[in-house]
Amino acid sequence: MHDSDRTLHLVKQMMQERQREAAIEAMRARHSRSGLLSNFLRRLADRLDPTGQDRGELS
């Protein structure tokens, strides 16, 4: 019985991981324009302040 409990636990973990990956993929698809804008602004900020020393902390 111990092996079947371990197998069930592993299957549940794999399913949860796949659900997390699917959620991340969905978020990226919904916010692709936002992601593009964010990357553009990050690159622009890197050009203006390459060290990032004068930028505030982002959370």
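Shown above is the structure to which this text applies.
About the cut-offs
Here the residue numbers are simple positions, counted from 1 along each chain's written sequence. For a predicted model such as this one, the threshold for reporting local features is a pLDDT of at least 70, and the threshold for listing and counting side-chain atom pairs is 80 or more; totals across whole chains, interfaces and linings nevertheless cover every residue. Think of the side-chain values as coming from all heavy atoms in the structure, minus any hydrogens and water. The way it works is that DSSP assigns letters per residue, a run of H or I at least four long becomes a helix, a run of E at least two long becomes a strand, and they are numbered from the N terminus. When accessible area is computed with a 1.4 Å probe and restricted to protein chains, residues below 20% of their type maximum are described as buried, those above 50% as exposed, and intermediate ones as partly exposed. Areas reported as accessible are Shrake-Rupley estimates using a 1.4 Å probe. Residue values count occlusion only from the protein chains shown. The term salt bridge refers to a side-chain nitrogen of Lys or Arg lying within 4 Å of a carboxyl oxygen of Asp or Glu. Grouping into patches uses exposed residues only, defined as over 30% relative accessible area, and leaves out salt-bridged ones; the cut-off is 9 Å for like charges and 5 Å for nonpolar side chains (Val, Leu, Ile, Met, Phe, Trp, Tyr). In what follows, residue pairs with any heavy atoms lying within 4.5 Å of each other are defined as contacts.

Take the overall build of the chain next. For the chain, the count of helices and strands is two helices and zero strands. Per-residue burial over the chain gives 2% buried out of 59 residues. Split by element, the accessible area of the chain, about 6,000 Å² in all, is 57% carbon and sulfur.

By the definition in use, this model includes two salt bridges. In this structure, Arg20 engages Glu17 in a salt bridge whose closest nitrogen and oxygen atoms are separated by 2.9 Å. Of this pair, Arg20 and Glu17 both sit in helix α1 (residues 2-30), separated by three residues, roughly a single helical turn. Owing to a relative accessible area of 47%, Arg20 belongs among the partly exposed residues under this scheme. A salt bridge links Arg18 to Glu21; its shortest N-O distance comes to 3.6 Å. Pair noted here: Arg18 and Glu21 are both in helix α1, with a separation of three residues, about one helical turn.

Attention shifts here to a nonpolar patch on the surface. Together, Leu37, Phe40, Leu41, Leu44 and Leu48 make up a nonpolar patch on the protein surface, roughly 510 Å² of accessible area in all. Locating Leu48 in the fold gives a position in helix α2 (residues 32-48).

Further remarks concern the side chain of Asp49. One can find Asp49 in the segment after α2. Contact partners of Asp49, with chain neighbours within four places excluded, come to Asp54 and Arg55.

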